[in-house]
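Structural characterization, general
The lines below spell out each chain.
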Amino acid sequence: MATQREEDAAEYLKKHNIIELLDNLSGMLFFHRPEKPREFLIEQLEQLKISQQTGMKGPNLFNNANLNAVFGILDPTNQKHITFAQYKQALMTLGIKDINECPDGANEDRISHETFKTEAPAEGAWSGSDAAAASRFGSEPRRISAPVTCRLNWWLFFHADFRPHFPGKRPAELSMGTVHARSLDPLPMRGPELGVHPDDIEAPEIEHEQKQEVLENKNVVVQQVHIDGLGRTKDDLLTYEIKDVFRAKNLIDVMRKSHEARQKLLRLGIFRKVEVVIDTSRGDGALPNGLDVTFEVTELRRMTGSYNTMVGNNEGSMVLGVKLPNVLGRAEKMNFQFSYGTKETSYGLSFFKPQPGNFERNVTLNMYKVTGQFPWSSLRETDRGISGEMSFPLWKTSQTLKWEGVWRELGCLARTASFAVREESGHSLKSSLSHSMVIDTRNSSILPRKGGLLKIHQELAGYTGGDASFLKEDFEIQLNKTLYWDSVLSASMWGGLLLPIGDKPTSIADRFYLGGPTSIRGFSMYSLGPQSEGDYLGGEGYWAGGLHLYTPLPFRPGKGGFGDLFRTHFFLNAGNLCNLNYGEGPKAHLKKLAECIRWSYGVGIVLRLGNIARLELNYCIPMGVQSGDRICDGVQFGAGIRFL
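Keep in mind it's a predicted model, so treat the numbers as computed, not measured.

Looking only at helices and strands, the protein chain features twelve helices and 24 strands. Carbon together with sulfur atoms contributes 57% to the accessible area of the protein chain, which is approximately 32500 Å² in total.

Now the structure itself:
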């Protein structure tokens, strides 16, 4: 039991924050390691006194360079953003207690570098003291706890006196000498079952040793890279993915390139888990500054199954799939998929082959059968086809070349189908070459806050066989700008032309359709333009534009949580769809597209379902309605991925 004198001493230490002050001074001392420690401590106390009297910044332990280094480790591919989970765990590692749960970019799960530096402790905060101690010495109340300050610096500046690796210990149990590095950024895969969830940041425990040395700015050499756990994967495939690790020059560079290599390995879609262990080199020929990097991998099973649901443009479907990953040992993938939806049923077999060392360059072969119902046209269509496509990056664009051969069977959906639809019924064969180019700088494809999209698609049919001959061009443009009060202004434009080649008219299956909750709101689904007896036949030319303002919900209910998934939506849409007489010339075409413009405006609520889809519930007021158009005046519900 403590004596009265001991209790008085403890109360005195607590009252005057002596422990916190000494923690801070010792942290500063260990970090800077001055040659004259007494003079250094006196200088720090004098700076604190000046800070209290003048309000100027007091001494700090870490600065923007340290924060940049932390962010660089979390963002090894230099995307200029990290996930919210990474942001939150990093601030906890830094020792920040009162974390902002709703920083800029939280809705899109993309925290920028500037936001991270803003939410992290500023240079003016004297890291290492608590709020009470800081207030006593005149600096702003801070959010950093003293022990974590030391942990941060040991995380950034690893000491050189590494301890030996003991066989039998798991990587997480290794001593301070081994850096257990994990990627913190989930990677997009070609299926949700292959996604990798973000891991937590693991900061090594502090072990005080007599000899300590800063390695960040010193040269190191990666002598060996090991990959443990390989089964059917070929070694030559992985050589391309890890070769940059050997080019690292210092410890931070080794960590960054190791994380980058880990991301490349996971992106292949053949590993369920990849962990990285960095340790000092051992054995004959080991250099004093040599490092060994080990990738511990767990391969996916030879066969995996999946079950999920998909949301299309105002339709939903259930999808069952079977995948054979890494079929030939070089990241090939074979996939069988069956989909049953509200308007479409399909099944298909595909084979995917990436180029070793360049995953963005890949080839895909497909065989499929698709049966769809189109009630707005009283049409049923069954497609049986094969296709081959090649994707590759070019400068800042994503390019795709595709050949497709499809046997199409058109039929009437109801006995009341119009004569024009019955006339289109029957079998046809289409063989076409197509090309698409995409530039996408948006931070999210579902509900973006900034960035733009440019998509151009061309299709040429008839020159490689078949009885369908046409040239089809369409484009999509979208621009997004963040405004004040967390609001976003978005503008978009769609357009397309279908030019028949020869004397044969275009098919109802190849024309454009417009209208509905995902395009011109306030009109029924694909119920604009040419029609016959109530069946809509599509058009050979169209354009559509939209202007949108997205704002937070009034009074911000549920801010920082579920409420941030909702946005208030103000919109103005316009467009037109028609058939063109290509003998009249471009001016006549533009004049016809500018006539009889349909437009609408309204307000509603938008719900973002992660990065899967979005839902809209709008009150619409359609204007410019033409004879034969079907409208949806009032409340309209929409679900999908691609919205005007």
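Right, picking up where we left off after that structure.
This part covers the pattern of salt bridges. Opposite charge on two side chains allows them to pair when their charged atoms are near. All chains considered together, the criterion is met by 18 salt bridges. Linking Lys 264 and Asp 244 is a salt bridge whose minimum nitrogen-to-oxygen distance equals 3.6 Å. Placement of the pair is Lys 264 in helix H10 (residues 251-267) and Asp 244 in the loop between helix H9 (235-242) and H10, with a sequence separation of 20 residues. Asp 244 gets classed as partly exposed once you look at its relative accessible area, which sits at 21%. The closest approach of N and O atoms between Arg 598 and Asp 629, which form a salt bridge, is 2.8 Å. Linking Arg 598 in strand S22 (residues 598-609) with Asp 629 in the loop between strand S23 (613-623) and strand S24 (634-640), this pair joins segments that are 31 residues apart in sequence. Each member of the pair, Arg 598 as well as Asp 629, is classed as buried.

What follows is about unusual backbone geometry. One non-glycine residue, Trp 485, lies in positive phi territory at about 55 degrees. Tracing the sequence through the fold places Trp 485 in the loop between strand S16 (470-482) and strand S17 (488-500). For Tyr 526, which is not a glycine, the phi torsion comes out positive at approximately 50 degrees. Looking at where Tyr 526 falls in the secondary structure, it is placed in the loop between S17 and strand S18 (531-532).

Attention shifts here to empty space enclosed by the protein. Scanning the model with the defined rule gives four cavities of 30 Å³ or more in all. As for the largest cavity, its lining consists of Asn 107, Glu 108, Leu 447, Pro 448, Arg 449, Val 488, Tyr 550, Asp 564, Leu 565, Arg 567 and Arg 608.

On the surface, Met 303, Val 322, Phe 336, Tyr 347, Leu 349, Met 367, Ile 386, Trp 403 and Leu 433 cluster together into a nonpolar patch covering about 820 Å² of accessible area. In this fold, Tyr 347 is placed in strand S10 (residues 344-355).

With that out of the way, let us pick up the side chain of Asn 443. Within the secondary structure layout, Asn 443 lies in the loop between strand S14 (426-440) and strand S15 (451-466). Those residues within four positions of Asn 443 in sequence are excluded, and the remaining contacts are Glu 108, Arg 110, Pro 448, Arg 449 and Lys 450.

For S16 and S17, the ladder comprises 13 bridges, and the chain directions are antiparallel. The partner of Lys 481 across the bridge, within S17, is Leu 489. Here S16 hands over to S17 after five residues, with Trp 485 in that stretch at a positive phi of 55 degrees. The pairing of S17 with strand S20 (residues 541-551) spans ten bridges and is antiparallel. In the strand pairing of S20, Leu 489 is matched with Leu 549.

Val 254, Leu 265, Leu 268, Val 293 and Phe 295 are the most contacted members of the largest nonpolar core, which has 29 residues in total. Listing elements by their share of this core, those giving two or more residues are strand S4 (221-228), H9, H10, strand S5 (271-280) and strand S6 (290-299).

One way to put it is that H9 packs onto H10 with a least axis distance of 9 Å and a crossing angle of 140 degrees. Considered as vectors, H9 and H10 are oriented oblique to each other. When the axes of H9 and H10 are compared, the crossing they make is right-handed. Contacts between H9 and H10 pair Leu 238, Glu 241 and Ile 242 from the former with Ala 261, Lys 264 and Leu 265 from the latter. Of the residues assigned to the contact of H9 with H10, the class counts are four nonpolar, no polar and two charged.

What follows concerns H10. In a regular helix each residue adds 1.5 Å, so 17 residues correspond to 24 Å; H10 covers 24 Å between its end C-alpha atoms and thus fits that length. Of all 17 residues making up H10, twelve are buried, and the element is well covered by its neighbours. Every buried residue belonging to H10 is among Leu 251, Ile 252, Asp 253, Val 254, Met 255, Ser 258, His 259, Ala 261, Arg 262, Gln 263, Leu 265 and Leu 266, and all of these are buried. Between a side-chain oxygen at the N-terminus of H10 and the backbone nitrogen of Ile 252 the separation is 3.2 Å; the capping residue is Asn 250. Directly beyond the C-terminal end of H10, a positive phi value near 75 degrees is found at Gly 269.

Let us look at the confidence of the model for the protein chain. Of all residues in the protein chain, 80% attain a pLDDT of 70 or more, and the chain-wide mean is 79. Overall, residues 122-215 carries pLDDT values under 50, and its contacts beyond four positions in sequence, including any with other chains, amount to 225 contacts.

In strand S8 (residues 316-325), alternate side chains face the same way, and those of Ser 317, Val 319, Gly 321, Lys 323 and Pro 325 are buried while those of Gly 316, Met 318, Leu 320, Val 322 and Leu 324 on the opposite face are not. Here S8 pairs with strand S9 (residues 333-341) via nine bridges, running antiparallel. Each residue of the ladder has a partner; that of Leu 320, found in S9, is Phe 338.

Inspection of every chain in the model, using the stated rule, returns eight aromatic pairs. Measuring from centroid to centroid gives 5.0 Å for Phe 512 and Tyr 542, while their planes differ by 45 degrees, and the two rings are tilted. One end of the pair, Phe 512, is in the loop between S17 and S18; the other, Tyr 542, is in strand S20, and 30 residues separate them in sequence. Take Phe 512 and Tyr 542: they sit in the same class, and that class is buried. An aromatic cluster of three or more residues is present, and its members are Phe 374, Trp 376, Tyr 513 and Tyr 526. Directly above the aromatic system of Trp 407 lies the positively charged group of Arg 384, at a separation of 4.8 Å from the ring centroid. If you follow Arg 521 out to its NZ or CZ, it ends over the ring of Phe 571, 5.6 Å from the centre.

Now for a negative patch on the surface. Taken together, the side chains of Glu 6, Glu 7, Asp 8 and Glu 11 present a region of like negative charge at the surface. Within the secondary structure, Glu 7 is located in helix H1 (residues 4-15). According to the relative accessible area criterion, Glu 7 is partly exposed, its value standing at 39%.

As for its placement among the helices and strands, Pro 288 is situated in the loop between S5 and S6. Linking Pro 288 and Val 221, residues 67 residues apart in sequence, is a C-alpha distance of 9.2 Å.

This next bit is on the environment of Glu 595. Turning to its location among the elements, Glu 595 is positioned in the loop between helix H12 (586-594) and S22. Here the alpha-carbon distance between Glu 595 and Leu 577, two residues 18 residues apart in the chain, equals 9.8 Å.

For the rest of this paragraph, the subject is the state of the cysteines. Where two cysteines share a covalent bond between their sulfur atoms, that bond is called a disulfide. For the coordinates displayed, the defined rule picks out zero disulfides. Left without a disulfide partner, Cys 578 is nearest to the cysteine sulfur of Cys 596, which lies 8.9 Å away. You can call Cys 578 buried: its relative accessible area is 9%. The closest cysteine sulfur to the non-disulfide-bonded Cys 632 is located on Cys 620, 6.5 Å from its own sulfur. For Cys 632, a relative accessible area of 22% corresponds to the partly exposed category.

What counts and how
- Residues numbered from 1 in each chain as written.
- Predicted model: local features only at pLDDT ≥ 70, side-chain atom pairs only at ≥ 80, totals over all residues.
- Heavy atoms only, no water.
- Helix = DSSP H or I, 4+ residues; strand = E, 2+ residues; numbered from the N terminus.
- Areas by Shrake-Rupley, 256 points an atom, 1.4 Å probe, with all protein chains shown as cover.
- Salt bridge = Lys/Arg side-chain N within 4 Å of Asp/Glu carboxyl O.
- Buried < 20%, exposed > 50% of the residue type's maximum accessible area, 1.4 Å probe, protein only.
- 1 Å grid on protein atoms, 1.4 Å probe; cavity = no way out; pocket = protein on both sides within 12 Å on 5 of 7 lines; lining within 4 Å.
- Points joined across faces, edges and corners; volume = space filled by probe spheres on them.
- Patch = residues over 30% accessible without salt bridge, like charges linked within 9 Å, V, L, I, M, F, W, Y side chains within 5 Å.
- Contact = heavy atoms within 4.5 Å.
- Pairing = 2+ DSSP bridges.
- Core = buried A, V, L, I, M, F, W, Y, C linked by side-chain atoms within 4.5 Å.
- Axes fitted to C-alpha atoms, helices over the stretch in contact; angles between N-to-C directions.
- Parallel < 35°, antiparallel > 145°, perpendicular 65-115°, else oblique.
- Left-handed = near helix turned anticlockwise from the far one by under 90°.
- Nonpolar A, V, L, I, M, F, W, Y, C, P; charged D, E, K, R; others polar.
- Expected span 1.5 Å × (residues − 1).
- Polar contact = N/O pair within 3.5 Å; in protein donor to acceptor, adjacent residues only side chain to side chain.
- pLDDT = per-residue confidence, 0-100.
- Phe/Tyr/Trp six-rings, centres within 6.5 Å; stacked < 30°, edge-to-face > 60°.
- Lys NZ or Arg CZ within 6 Å of the ring centre and 35° of its normal.
- Lys, Arg positive; Asp, Glu negative; His and termini not counted.
- Charge placed at Lys NZ, Arg CZ, Asp CG, Glu CD.
- Disulfide = S-S within 2.5 Å.

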